[in-house]
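# Descriptive structure summary
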Amino acid sequence: MTGETLSPPLDLSALEPAMPALSEALMVVAIALPLALAFAALVPAARRALPHLLVFVPLPALIAALAVPRGLSMLVAPDPFRFTLALDAPGALLLGGASLLWMTAGTYAMAYLRKDPARPAFMVWWLLTMAGSFAVFLVADVASFYLAYALVSFSAYGLAAHDDTPQARRAGSLYLALTVLGEALLIAAFVMLASGATDANPQIRDAVALLPTSPWKTPVLVLILLGFILKMGLFPLHVWMPLAHSVAPVPGSAVLSGVVVKAGVIGLLRFLPEGVPLPGWGAMLCGAGLFTAYYGVAVGLTQTHPKRALAYSTVSQMGVVAAVIGAGVMNGTAGTFTVAAFYAANHMLLKGAMFLAVGVAMASSPKRAWAVAAVAGVLGLSLAGLPLTGGAMAKYAIKLIVPDGVAGTLVTLSAAGSTLLMARYALLVACSGTKGTPPRDLVVPALALAVLALVLPFALFEAVTGLPASAAFTPSALLKGLWPVALGLGGAALLAWRAPRVREVPAGDILNALGVLGTAGRAIMGGAVAADDVLRRWPVAAFALLAIAALLAATLTFAALPL
């Protein structure tokens, strides 16, 4: 596999003398431009111009992903800060996918929120989240990664809680609380990880190289896994995702699901050692991922809103990504991280397009909504791995890391569950129509992103895997990709014919179950407080004291009797 040396798609050899300086400038501007514009939004004149600029802000990041040589590293700030940027194959795949999603979703967002009085505030949160998401794919030192991760994590709160309804405030508060927990876990891990290095702020690759022999290996790995899978949304730390997606504006949901959760993915790819077998840790991550993949499908099938169905689909797909990473770490398979990033980038584009399709359908007449659902269904089948789609190329790639066996079979079968859930999503989209014709400014970016999502994996497959694209079109490969999708479609037809009556699982699922336990606990505590209040009354207390004294005297008398 050639993923580790994935070459830039753009050939800029004619600019060779200036290429190092140009590459460094691209990486810096990719982060600095959205940050600068976020602060410029404080000026009214700049704030009025921002809606027309959002589509162009991610361009430096896109050009960097296409043109910057892999492995290039630059020191932006010297000691003691050592702020360092670098771009490797996994980072380039995720950076390129993220920039395309930010461009199309940004155009969509300005039309979607045109009449929203809070649009200026949304733009600020949008730009800050964008800057943080680009930074996590580019930074190469431990301290800067933590800062970038905090920026994307905390800024995304503004996207989730934008509508300021009670539901949005609840979802935002939960997201913020779990974000703080995740940051605490990671800063503890990073401090222990850096303690073995000679530099106060080591390069990530240098610190991770010391991890297999570190005396802090076990606590560091526990904290890293917990911190990053919380952002990815693996069970049981997934509860923020369905709640946030159900209340965020459509473009906000698109980037939350497409980009923000990938901060957890790049975290695992950066801070787990590649090529060094860690059988126990890899098996645990793979197992957690597989359970999450099926759990997300099971709960998603009960949902009655397409955005919530997509949220649980993201939970499921992040489970697949975790299973791939875990299988590669378990066996020490080279190239695992590039393949995992390829699959995550494919999900990034597909899921972003599917969220944008929901907004188009909701602005359409019922008849037009069915046409939108047809496009959404094709995107969903691509996500499931239907042969001859871009998603099938991503599915084929991960099977190189998780071959036949128990884990490989479960990963393959998860595609049937994804097909079933995507059929449910397409039906919900078809039923989302209201009235009117969707604005062109919503339709065009959604269609553009859909086309990119379906086509780009074909262009990247050979560079990622080292295999020709024709390898995914052999009769054997087509059959292996087709039968899980066919099984899922058969299940969808069966459910459409005779669906069991199943109540919708509320968004947040286990959180609501814990809420029931919390209600019971509060009732018990209330009873205890009331009992304490009664026992504190003097007549009751005196009687209780006499009863205890009599019981104690009887016990001592009985103990003194000969046996």
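The shown structure was predicted, so the numbers you read here are calculated from the model rather than taken from an experiment.

The helix and strand inventory of the protein stands at 22 helices and 2 strands. For the protein, with 563 residues in total, the buried portion stands at 53%.

What follows concerns the pattern of salt bridges. If you walk through the whole model with that rule in mind, you get 2 salt bridges. We note a salt bridge from Asp88 to Arg270, for which the minimum N-O separation is 2.9 Å. You can see Asp88 sitting in the loop between β2 (83–86) and α4 (89–112) and its partner Arg270 sitting in helix α12 (residues 262–271), a full 182 residues away along the chain. Note that Arg114 is salt-bridged to Asp441, the shortest N-O span being 3.0 Å. Note that Arg114 is positioned in the loop between α4 and α5 (119–138) and Asp441 in helix α19 (residues 440–465), a separation of 327 residues in sequence.

Applying the stated criterion across every chain, the model contains 17 aromatic pairs. Feature note: the residues Phe145, Tyr146, Tyr149, Phe190, Phe228 and Phe271 constitute an aromatic cluster, connected by ring pairs.

The N-to-C vectors of helix α15 (residues 336–362) and α19 enclose an angle of 165°; their axes lie 8 Å apart at closest approach. Here α15 is positioned roughly antiparallel relative to α19, judged by the angle of their axes. For the element pair α15 and α19, the recorded crossing hand is left-handed. When the residues that make up the contact of α15 with α19 are grouped by side-chain class, the tally is 21 nonpolar, 3 polar and no charged.

Further remarks concern the confidence of the model for the protein. For the protein, mean pLDDT is 84; residues scoring 70 or higher make up 87% of the total. Looking at the elements of the protein, mean pLDDT is at its lowest for helix α21 (residues 510–535), recorded as 54, and at its highest for α12, recorded as 94.

Quick look at the environment of Pro60 now. As for its placement among the helices and strands, Pro60 is situated in helix α3 (residues 59–67). The sequence separation of Pro60 and Val28 amounts to 32 residues, and the corresponding C-alpha distance is 8.9 Å. Once residues within four sequence positions are removed from consideration, Pro60 is found in contact with Leu26, Val29, Ala30 and Leu33.

A few words on the nonpolar core. As a rule of thumb, soluble globular proteins bury nonpolar side chains together. Counting 167 residues, the largest nonpolar core has Trp126, Phe145, Phe271 and Ile325 as its most contacted members. Top contributing element to this core by residue count: α15, with 19 residues. Excluding anything up to four places from it in sequence, Trp126 contacts Leu54, Trp102, Ala105, Gly106, Ala109, Leu159, Pro251, Gly252 and Val255.

It is the contact of α5 with helix α11 (residues 250–260), at a shortest axis distance of 12 Å, that shows an interaxial angle of 10°. Between α5 and α11, the angle falls in the class roughly parallel. Touching Phe122, Trp126, Thr129 and Ser133 of α5 are Pro251, Gly252, Val255, Val259 and Val260, all from α11. The residue inventory of the contact of α5 with α11, partitioned by class, reads 6 nonpolar, 3 polar and no charged.

Another aspect to go through is the environment of Leu356. Structurally, Leu356 is set in helix α15. Once the C-alpha coordinates of Leu356 and Tyr112 are considered, the two residues, 244 residues apart in sequence, prove to be 10.0 Å apart.

Residues Tyr294, Val406, Leu410, Leu413, Trp483 and Leu487 make up a contiguous nonpolar surface patch of roughly 530 Å² in combined accessible area. By residue number, the principal contributor to the nonpolar patch is helix α18 (residues 406–430), which donates 3 residues. Assignment of secondary structure puts Leu487 in helix α20 (residues 475–497).

To continue, consider the side chain of Ser313. Along the chain, Ser313 falls in helix α14 (residues 306–331). Residues in contact with Ser313, not counting those within four places in the same chain, are Lys351, Leu383, Leu421 and Met422.

Following Phe235, the chain continues into Pro236 via a peptide bond in cis, with omega recorded as 0°. Mapped onto the fold, Pro236 is located in the loop between α9 (217–232) and α10 (240–247). One non-glycine residue with positive phi stands out, namely Leu388, at about 75°. Along the polypeptide, Leu388 turns up in the loop between α16 (366–384) and α17 (390–399). The exposed category is assigned to Leu388, whose relative accessible area is 62%.

Here the focus is the side chain of Ser253. Relative to the helices and strands, Ser253 is located in helix α11. With sequence-adjacent residues up to four places away left out, Ser253 is seen in contact with His245, Ala248, Lys307 and Phe355.

About the thresholds
Per-chain numbering applies: the sequence of each chain, read as written, is numbered from 1 onward. A pLDDT threshold of at least 70 governs which residues receive local features in this predicted model, and a stricter bar of 80 or more applies before side-chain atom pairs are shown or counted, although totals over entire chains, interfaces and linings include all residues. Hydrogens and waters are ignored; side-chain quantities use all the structure's heavy atoms. Each helix is a run of H or I in the DSSP string that is no shorter than four residues. Each strand is a run of E no shorter than two, and both are numbered from the N terminus. Accessibility here uses a 1.4 Å probe with only protein chains present; expressed as a share of the type maximum, an area under 20% marks a residue as buried, one over 50% as exposed, and anything in between as partly exposed. Salt bridges are identified by distance alone: a Lys or Arg side-chain nitrogen within 4 Å of an Asp or Glu carboxyl oxygen. Pairing of aromatic rings covers Phe, Tyr and Trp, the last through its six-membered ring, and needs centres within 6.5 Å; plane angles under 30 degrees mean stacked, over 60 mean edge-to-face, and all others mean tilted. Orientation is described by axes fitted as lines to C-alpha atoms, over the contacting stretch for helices, and by angles from 0 to 180 degrees between their N-to-C directions. By definition in this entry, angles of less than 35 degrees are roughly parallel, angles greater than 145 are roughly antiparallel, angles of 65 to 115 are roughly perpendicular, and the rest are oblique. Two helices crossing with the near one rotated counterclockwise from the far one by less than a right angle form a left-handed crossing, whereas a clockwise rotation gives a right-handed crossing. By the convention adopted, Pro, Cys, Tyr, Trp, Phe, Met, Ile, Leu, Val and Ala count as nonpolar, Lys, Arg, Asp and Glu as charged, and the other residues, Gly among them, as polar. As a per-residue measure, pLDDT tells how confident the predictor is, with possible values from 0 to 100. By definition, residues are in contact when any of their heavy atoms lie within 4.5 Å. Think of a nonpolar core as a cluster: buried Ala, Val, Leu, Ile, Met, Phe, Trp, Tyr and Cys residues, connected wherever their side-chain atoms sit within 4.5 Å. Surface patches are defined over residues having more than 30% relative accessible area and no salt bridge, joining like charges when they lie within 9 Å and nonpolar side chains (Val, Leu, Ile, Met, Phe, Trp, Tyr) when within 5 Å. With residues, only the protein chains shown are counted as cover, and all accessible areas are computed by Shrake-Rupley using a 1.4 Å probe.

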